[in-house]
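This is what each chain is made of:
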Amino acid sequence: MRPTEIRHSEMPGPKVYNLWWGDKGVQKQKGIVTYSLSPFRQRAAHKMITNWIFNGYRRLSSQAVYWVIPFALGYGTYSWAKRYDAWQNSKAAHVAGHHEH
């Protein structure tokens with residue numbers, strides 16, 4: 001039976017360009033370009049809420065037919081089923097002879 005090999009840490013040796021993640025003792029890397037944006041151009045959320053009030057209202061109102069009608073049908077079915085179930089479990093339904101349990 002062969003014993004397993006000794007596993008060394010996988011840190012690179014001293015002859016590599018970048019020693020290890022976050023190591024500050026290495027020379028500055030070459031060929032890295034850093035871009036920046038002017039602070040006057042960094043207004044990504046400028047007028048975002050006021051634009052959403054008008055544009056969002058227009059978009060939601062155009063789609064209202066597709067979500068209001070199914071929601072109303074679903075809620076109507078739910079409220080009818082709750083009332084019917086409460087009546088089925090009531091004394092009045094048992095007296096009327098509608099006990100389907």
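Chains are numbered independently. Their residues run from 1 in the order of the written sequence. pLDDT decides what is reported in this predicted model: residues at 70 or higher carry local features, side-chain atom pairs at 80 or more are listed and counted, and totals for whole chains, interfaces and linings draw on all residues regardless. Side-chain measures here rest on the full set of heavy atoms in the structure, leaving out hydrogens and waters.

Asks: Give me the overall build of the protein: which residues, what numbers.
Replies: Helix numbering and strand numbering both begin at the N terminus, where a helix is a DSSP run of H or I of at least 4 residues and a strand a DSSP run of E of at least 2. Scanning the protein from terminus to terminus reveals 3 helices and 0 strands. Along the protein, from the amino end to the carboxyl end, the secondary structure elements read α-α-α. Per-residue accessibility, obtained with a 1.4 Å probe over protein chains only, is compared with the maximum for each type, and a residue is labelled buried under 20%, exposed over 50%, and partly exposed between these values. The buried share of the protein, reckoned over its 101 residues, is 3%. What sets the accessible areas is the Shrake-Rupley method with a 1.4 Å probe; for residues, cover comes only from the shown protein chains. Working note: accessible area of the protein is about 10,600 Å², and carbon and sulfur atoms make up 62% of it.

Asks: Account for the packing of aromatic side chains, naming residues and giving values.
Replies: Geometry of an aromatic ring pair is reported as the spacing of the ring centres plus the angle between the planes. Working definition: a ring pair exists when centres of Phe, Tyr or Trp rings (six-membered ring for Trp) sit within 6.5 Å. Plane angles under 30 degrees give stacked, over 60 give edge-to-face, the rest tilted. What the rule picks out here adds up to 4 aromatic pairs. Measuring from centroid to centroid gives 6.5 Å for Phe71 and Tyr75, while their planes differ by 15°, and the two rings are stacked. Of this pair, Phe71 and Tyr75 both sit in helix α2 (residues 64-88), 4 residues apart, which is roughly one turn of that helix. The two residues Phe71 and Tyr75 agree in class, both being exposed. On the basis of an interplanar angle of 10° and a centroid distance of 5.5 Å, the ring pair of Trp80 and Tyr84 is categorised as stacked. Of this pair, Trp80 and Tyr84 both sit in helix α2, 4 residues apart, which is roughly one turn of that helix.

Asks: Describe the UniProt feature "transmembrane region" (unreviewed entry) in the protein, and please don't skip the residues or the numbers.
Replies: The UniProt feature table records "transmembrane region" (unreviewed entry) at residues 64-81. Here residues 64-81 runs as 100% helix and 0% strand, with 25 Å between its end C-alpha atoms. UniProt positions are given in the numbering used here, feature names are shortened, and annotations may be inferred rather than shown by experiment.

Asks: Describe a nonpolar patch on the surface, and please don't skip the residues or the numbers.
Replies: Each patch groups residues whose relative accessible area exceeds 30% and which form no salt bridge, using 9 Å between like charges and 5 Å between nonpolar side chains of Val, Leu, Ile, Met, Phe, Trp and Tyr. Between Lys or Arg on one side and Asp or Glu on the other, a salt bridge is scored when a side-chain nitrogen of the former is within 4 Å of a carboxyl oxygen of the latter. A cluster of nonpolar residues, Met48, Ile49, Trp52, Ile53, Phe54 and Leu60, forms a patch on the protein surface that exposes about 740 Å² of accessible area. Residue placement: Met48 occurs in helix α1 (residues 48-62). The exposed category is assigned to Met48, whose relative accessible area is 52%.

Asks: Run through the packing of α1 against α2, naming residues and quoting values.
Replies: Orientation of α1 relative to α2, taken along the N-to-C sense of each, is 55°, at an axis distance of 5 Å. Judged by the inter-axis angle, α1 sits oblique to α2. Where α1 abuts α2, its residues Leu60, Ser61 and Ser62 lie against Ala64, Tyr66 and Trp67. Each residue belonging to the contact of α1 with α2 can be placed in one class, and the counts come to 4 nonpolar, 2 polar and no charged. Axis angles are defined between N-to-C directions and span 0 to 180 degrees, where every axis is a line fitted to C-alpha atoms and, for a helix, only to the segment in contact. Oblique is the label for any angle not under 35 degrees, not over 145, and not in the 65 to 115 range, which are roughly parallel, roughly antiparallel and roughly perpendicular in turn. Contacts: residue pairs with any heavy atoms within 4.5 Å of one another. Three categories are distinguished: nonpolar for Ala, Val, Leu, Ile, Met, Phe, Trp, Tyr, Cys and Pro, charged for Asp, Glu, Lys and Arg, and polar for the others, with Gly belonging to the last.

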